[in-house]
Structures are given as C-alpha cells and as structure tokens.
Amino acid sequence: MVTGAEMLSIAAFLEGRHAQAFPSFGSERTGAPVVAYCRIDDKEIRLREPIMAPDALIIQDPTLFHQVDVFAGLMDDGYILVNTSRSFAELGIADVVAGRDARRLCTVPATELAIKHVGRPVPNVPLLGAFAAISGMFSLESVAKAIGEKFSGKVAEGNIAAATEAYETARRATKEPAHA
Amino acid sequence: MLKQTEGSHAVAEAVALCRPEVICAYPISPQTHIVEGLGEMVKAGEIKDCEFINVESEFAAMSVAIGSSAAGARTYTATASQGLLFMVEAVYNAAGLGLPIVMTVANRALGAPINIWNDHSDSMSQRDCGWIQLFAETNQEAVDLHIQGFKLAEELSMPVMVCMDGFILTHAYERVDMPTQEQVDAFLPKFEPRQVLDPAEPLSIGAMVGPEAYTEVRYLAHAKQMQALELIPQLGREFQEAFGRDSGGLIRSYRMDDAEVAVIALGSVLGTIKDTIDEMREQGVKIGVVGICSFRPFPLAEVREALARVRSYVVVEKSLAVGLGGVVASNVRMALAGRLHMRGHTVIAGLGGRAITKVSLHRAFAGVVSGELERVHFLDLDTNAVNAVLEHEKTVRRSGPIAENVLRTMRLVGAKIL
C-alpha cells in the first residue's frame, strides 16, 4: 500500500508534477489496516496534514469496508478504484456508488493480475495501472518508469505486464458503465 | 538532479556525498531507513574509505562517534527518541570535548507513554547539551542542512544535530534536488581537525577540570555558539551561491512585511502554517510566520527584529515544558524581553504524532487575532477526556494508571492505527 502511494508519486513526478506521498504512520505490520496518502499538484506542496477529503480512493482490501469508514470525506466527483473480482453491488456498496459518475468508478482484480504476472499477491502496481486509466492523470508509460525505479529484472517485467493488463481492463470497464 | 525519493533516503545520499569516514548507529524508528541506506552504500563500496560500525546501543553509537572523531575521522550517526535519551551522557561529552560529529535526529516523542510518532520532545530535551541544533522544514532542507552541517561543525569544532520530523519527513516521498559529488566536494573541504589523537604526536583529550578553569571551558562553548550565529548565515549564503538554493540560515520570514500577528514555529509544520496564512491573508488578516532553523544557537536578535512590528504572536511548537508551557516559546519570550505591549500565546500541537490540520490552526490563529485564545493552548485537546480522568482521580484514591485511564475514557484500546 505504502509502496503504491510512493510509486504513484513517482509517476506524477515523472510527468513534471509536484507530488507528496506518505504513510499513515502506524506500527506497520502485515495484515493491519494501513492508509497511505498521495498529493499531486502543479506547484510545491507544503501541506503536511493527512488527506481528509480525497479526490480519489484506491482500496486494496475490500474486507475493510466493514471495519473502517473508508469512504469518509471522499469528494462527490471522486474516483473509487477497488481491488476485487466482484462488482460494487456484489461487494454490498451499491449505495456508496449510487449517483456517482460511472466513469470514475472501477473494480479491477489486481491481486489475481499480480499473481498471474508477478507470481505473488502484490496488487499495488496493477492498481496503479488501473488508476492511470480511469483518472488520465498520468500515462501507463510513467507507471512503467516508476516500476523501473522500484524494481528490476523479472519482478519489474512482471509488474509492468500486470499494470498494463490492469490499465486495459480498467479502460474497458469505465467505457462500459453498465459493468460498474 | 531532481528526483522523487523518500526523505530518509535523500538524507542518506546527502551524508554519503559528504564523504564520512565513520558511520556508527543503532536502529530506532523513525531513523532506521537513514542508517539502513548508508549501511547498504558502505557495503556496496559506494562510499570510499568509510567504515560502518555496528554498535550494541545508542550509548555505544555516540561513544564510538567520540572516539572516531577524536581520531580525526569525519563521523556521522543518527538516532531518535529513547535512543537519544540513552546516549545523553555521551552527547554532552561530544559537545564538551568540541568534536565535530554530525547527527540526524528523526524527531519522535518520548515515553512514557511509549509512542513512536513525531514531535520535538527528543531534541528539545537536549537543547542545552552544547550541540548546534538545526531544524529542517522540508526534505530538501534536510539534505542541504547535512551538507552545511558538516562544514559548520568542522569550522567550529562543535557537534551539529540536524533535526527532521520523524515519519512526516523521514517517510515522505517528495521532490528533492540532489547535489552532485563535485558540488559537495567544492563546498565541503577535507576535514582538518583542531585536535587529533595521533600516536606520532601523543596528547590527551578530556582532562579533568576543577573550579579554577571549568567556567572558562564552559564560556568558550558559549562563545563558539555565539560565533555560530555569524557563521550559520554566512554558510547559508555560500550554499546559495554554490547550489542556487536558499536553505538553512538562522530564521526565515514569510509574509511578515506588514504583519500585525506573527506565528513562530520550526520544522515541517511550517508548510501547513504557510498554507493557513495564505488563506487568512485572502480574508484580509495581516498575519505572517517566522520559521526558526537554528534553535541552538538561538537567534535572539534576529527573532526580536523579525517581530519588531507585530502586536501579538503565537509560538506553535511540538514540545512541552511540563510545569511551564512551551520550550520554544520561553526562548522567544526572552528575545522579546521588555516588549510589554505585545501579547504572546503558546500553542502546544502535534504531540505524539497528532496531526496538525489547517482547520485547527485557523481556529487557533483566529483566537490569537481576537485575543481570546488562552496563553498556553493545547491544540485539539480532548477536554472531556482529561476532565473525566481528573474527576476520577478526585473521587478514587487508587485511580489506576494514567494512560490506561485516558484510553478507557476515550474508548480506545491501544494506539489507533487509522
């Protein structure tokens, strides 16, 4: 999760934007709920408070819906991207997405894509690819470059393949709003 | 070269560019990534003629630093929180001996209650230890202050602590302009120690000094910090010429020209304060901020001058002098001695990692403008919780452990993750 926000900031930086990524400074341990934040702007980012009203929400683990109010503060025209092979209705959050712009809502099976291409359940990178597709804020090419800064060799190749498939999946999905 | 990187990693790279010869450190959050990064660089042979010494504690880290610096090696270490407290005896010795060690403090709260998050309690506990203390506002400034820090330390023969907010800076990815090796080499000359343990020219360092000369040795420590008041801005100017960036210095003012109300702060919270001030300025409030980069030596004259035209001020600080109020605020008040017409406030904020938000700062600053804010104000204090615990203590003799009582009152079990 933290790596995902960091790579998002790198992708934005590669396109000439200012970006700031930081984790929710908890006692990090595998399995604990974790939040990481990323701000992107065209000018220097000075603000250091956590993001309380996000423009976009990338949810890596949808089982958190029942533990934490992950949608708190999300802008009315915000993006929601969920790592799941199910639909919003199947996840039981149809009410949350009702009335929102369908082009800004997307589910993508990032964990499955990571297992397929990387061999491990690491959904960060495919989620980033999908987010590039639905937000149009940065290109798939920048995602690939950001992957290159964090990983090398086969791991990098696998992640780029996973990001590319997630990008295509998300693009198709948001072009057919009925799917959401 | 511009890059998007983690604060800790940027600092590790900056330290590597300074060609340290000995790095000794014991890992503690949130400092760990810095020394991990340096350890990897030493192992990979990326830092020439440098020894990374694993030590068994922070006390050992500073003791090794004292030994290696006295032997003439450019020496670096880093710590935080309880780690700094554990090395305190050696921290004072490093300063008393006049050894130009550079240490990063990744600022973190102190226990009890145990807390791994950011505030300034750790380095503020060492404000009188004799080290120079510089506070970074951004990761760029943290990088720059380390490069300036080695030069400052070695010119004065005095240790320098570079303080950067733990997690908020150390774990943040942001844009950093990383200098080249050639630039740093041109700015930072080879270490020429004023004193060195050399078998060819035997001498002793660390003599016992009785009442007849102790005051004189202490006076010289103070005199050197007074010299630093001149040297710090001078190095800032030299740095700007060489690197093209305004970094370091004693203080830095923002929108203070016609300000009637001034905020004073140090560290990364200055960014959030500047954004808040911009919004208040749009509403016509004449408010500005003075950022303190050098906390030791404390720039009394510069702070006095910067606040010459304001009618009230507020110090926002991430530290608490229990039983008094603010640590930074007491220093600011000393700078303003005699200005009886000025109203001063202290806002204790961000303790133990509590987020300092624009919303809360707006509320506090509005109270400063109107004069209604308490003189010592705890930002976002849960008054219901503290009153409930105080009431409980009044009525029950064996009232139980304090932290546990607060958590129970607030219906929290252990630290909140989200």
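Note that the structure is predicted; figures quoted are calculated from it, not measured.

## Things to note about the overall build of chain A
Alright, step 1. Looking only at helices and strands, one finds six helices and five strands in chain A.
Alright, step 2. Secondary structure elements of chain A occur, N-terminal to C-terminal, as α-β-β-β-β-α-β-α-α-α-α.
Alright, step 3. For chain A, whose C-alpha radius of gyration is 15 Å, the value lies close to the compact-globule estimate of 16 Å for 180 residues.
Alright, step 4. If you line up chain A on its principal axes, its C-alpha atoms span 40 × 40 × 35 Å.
Alright, step 5. With 180 residues in all, chain A has 42% of them scored as buried.

## A few points about the sheet that holds strand E3 (residues 56-59) of chain A
Think of a sheet as strands paired side by side through backbone hydrogen bonds, with each pair either parallel or antiparallel.
Residues and elements named next belong to chain A.
Alright, step 1. Here we have three strands laid out as an open sheet, ordered E3-E4-E5, and parallel in their pairing. The open sheet has two edge strands, E3 and strand E5 (105-108), and neither has a second partner. Sheet twist, expressed as the average angle between the axes of neighbouring strands with direction ignored, equals 10°.
Alright, step 2. Relative to strand E4 (residues 79-83), E3 is paired through four bridges, and the arrangement is parallel. The partner of Leu-57 across the bridge, within E4, is Ile-80.
Alright, step 3. Sheet contacts for helix H4 (residues 124-135): E3, E4 and E5; angle to E4, the most-contacted strand, approximately 150°.

## Observations regarding helix H13 (residues 358-370) of chain B
Residues and elements named next belong to chain B.
Alright, step 1. For H13, with 13 residues, the first-to-last C-alpha span of 18 Å sits near the 18 Å given by 1.5 Å per residue.
Alright, step 2. Within H13 the residues assigned to the buried category are Leu-361, Ala-364, Phe-365 and Val-368. End-on view of H13: buried residues confined to an arc of 95°, all on one side of the axis. Facing away from the buried side of H13 by over 90 degrees, the exposed positions are Val-359 and Ser-370.
Alright, step 3. Elements that come into contact with the buried residues of H13 comprise strand E10 (261-265), helix H10 (269-282), strand E11 (287-292), strand E13 (312-317), strand E14 (343-348) and strand E15 (376-378).
Alright, step 4. Remark: Gly-371 follows H13 within two positions and exhibits a positive phi of approximately 85°.

## Some details on the interface of chain B and chain A
Alright, step 1. Taken together, the contacts link 24 residues of chain B with 23 residues of chain A.
Alright, step 2. Counting residues per element, the ones that place at least two in the side of chain B that touches chain A are strand E8 (173-177) and H10 of chain B.
Alright, step 3. The element that contributes the greatest number of residues to the side of chain B that touches chain A is H10(B), accounting for five residues.
Alright, step 4. Partitioned by chemical class, the residues of the side of chain B that touches chain A number 12 nonpolar, seven polar and five charged.

## Focus on the nonpolar core
Alright, step 1. If you look at the biggest cluster of nonpolar residues, it comprises 168 residues, and the most contacted ones within it are Leu81(A), Ala130(A), Ala262(B) and Val263(B).
Alright, step 2. Examining the composition of this core, we find that eight residues originate from one element, H4(A), more than from any other.

## As for the sheet that holds strand E9 (residues 251-254) of chain B
All names here are of chain B.
Alright, step 1. Taken together, six strands build an open sheet; the order of strands is E9-E11-E10-E13-E14-E15 and the sheet is mixed. Two strands lie at the open edges of the sheet, namely E9 and E15, each paired on one side alone. Along the sheet, successive strands turn relative to each other by an average axial angle of 20°, direction set aside.
Alright, step 2. Two strands pair when backbone bridges link them, and E9 and E11 are joined in this way by four bridges, in the antiparallel orientation. Residue pairing in the sheet places Ser-253 in a bridge with Val-290 of E11.
Alright, step 3. The strands that H10 touches are E9, E10, E11 and E13; relative to E11, the one it contacts most, it runs at about 165°.

## Describing helix H6 (residues 153-175) of chain A
Residue and element names in this part refer to chain A.
Alright, step 1. Its 23 residues give H6 an end-to-end C-alpha distance of 33 Å, which sits within 8% of 33 Å, the value for a rise of 1.5 Å per residue.
Alright, step 2. What H6 keeps buried is the set Gly-158, Asn-159, Ile-160, Ala-162, Ala-163, Glu-165, Ala-166, Tyr-167, Thr-169, Ala-170, Ala-173 and Thr-174.
Alright, step 3. Those residues of H6 that are buried are in contact with E5, helix H3 (110-117), H4 and helix H5 (140-150).

## What about the pairing of E11(B)?
Residues and elements named next belong to chain B.
Alright, step 1. Counting buried residues along E11, six of its six residues qualify, which places the element largely inside the surrounding structure.
Alright, step 2. Burial along E11 is two-sided: Ile-287, Val-289 and Gly-291 and Gly-288, Val-290 and Ile-292, pointing in opposite directions, are all buried.
Alright, step 3. Taken together, the five bridges between E10 and E11 define a ladder with parallel strand orientation. Paired with Ala-265 across the two strands is Gly-291, which belongs to E11.

## Observations regarding the domain arrangement of chain B
Residues and elements named next belong to chain B.
Alright, step 1. What the domain assignment lists for chain B is domain 1 (2-243), domain 2 (251-378) and domain 3 (382-418).
Alright, step 2. Between the C-alpha centres of domain 1 and domain 2 there is a distance of 27 Å.
Alright, step 3. On the side of domain 2, 21 residues touch domain 1, which itself brings 24 residues to the contact.
Alright, step 4. Of all the secondary structure elements, the ones that give two or more residues to the side of domain 1 that touches domain 2 are helix H6 (121-124), strand E6 (132-135) and helix H9 (214-243).
Alright, step 5. For the side of domain 1 that touches domain 2, the leading source of residues is H9, giving five residues.
Alright, step 6. Of the residues assigned to the side of domain 1 that touches domain 2, the class counts are 13 nonpolar, seven polar and four charged.

Procedures and definitions
For every chain, the first residue of the written sequence is number 1, and numbering continues from 1 onward in sequence order. Here chains are named by letter from A upward and ligands by number from 1 upward, in the order in which they appear as written. Local features are withheld for residues below a pLDDT of 70 in this predicted model, meaning they are given only at 70 or higher, and side-chain atom pairs are given and counted only at 80 or more; totals for whole chains, interfaces and linings count all residues. Here a strand is any run of E in DSSP of at least two residues, a helix any run of H or I of at least four, and the numbering for each starts at the N terminus. Throughout, the radius of gyration refers to the C-alpha atoms, and the reference size of a globule is 2.2 Å times the residue count to the power 0.38. Partly exposed residues are those falling between the two cut-offs: more than 12 but fewer than 20 other C-beta atoms within 10 Å of their own, whereas 20 or more means buried and 12 or fewer means exposed, with C-beta atoms placed from the backbone. Strands pair, by our definition, only if DSSP identifies at least two bridges between them. An axis is simply a line fitted to the C-alpha atoms; with a helix, the fit covers only the stretch in contact. Between two such axes, the angle follows the N-to-C directions and lies from 0 to 180 degrees. Contacts are defined on C-beta atoms placed from the backbone: any two residues whose C-beta positions lie within 7 Å are in contact. In this analysis, the expected span of each helix is defined as 1.5 Å times one less than the number of residues it contains. Each C-beta atom gives one direction from the helix axis, and the arc is the one those directions make. Only Asp, Glu, Lys and Arg are considered charged in this grouping, and only Ala, Val, Leu, Ile, Met, Phe, Trp, Tyr, Cys and Pro are considered nonpolar; every other residue, Gly among them, is considered polar. Definition of nonpolar core: a set of buried Ala, Val, Leu, Ile, Met, Phe, Trp, Tyr and Cys residues joined via C-beta atoms within 7 Å. Domain start and end points were adopted from an automatic or database domain assignment.

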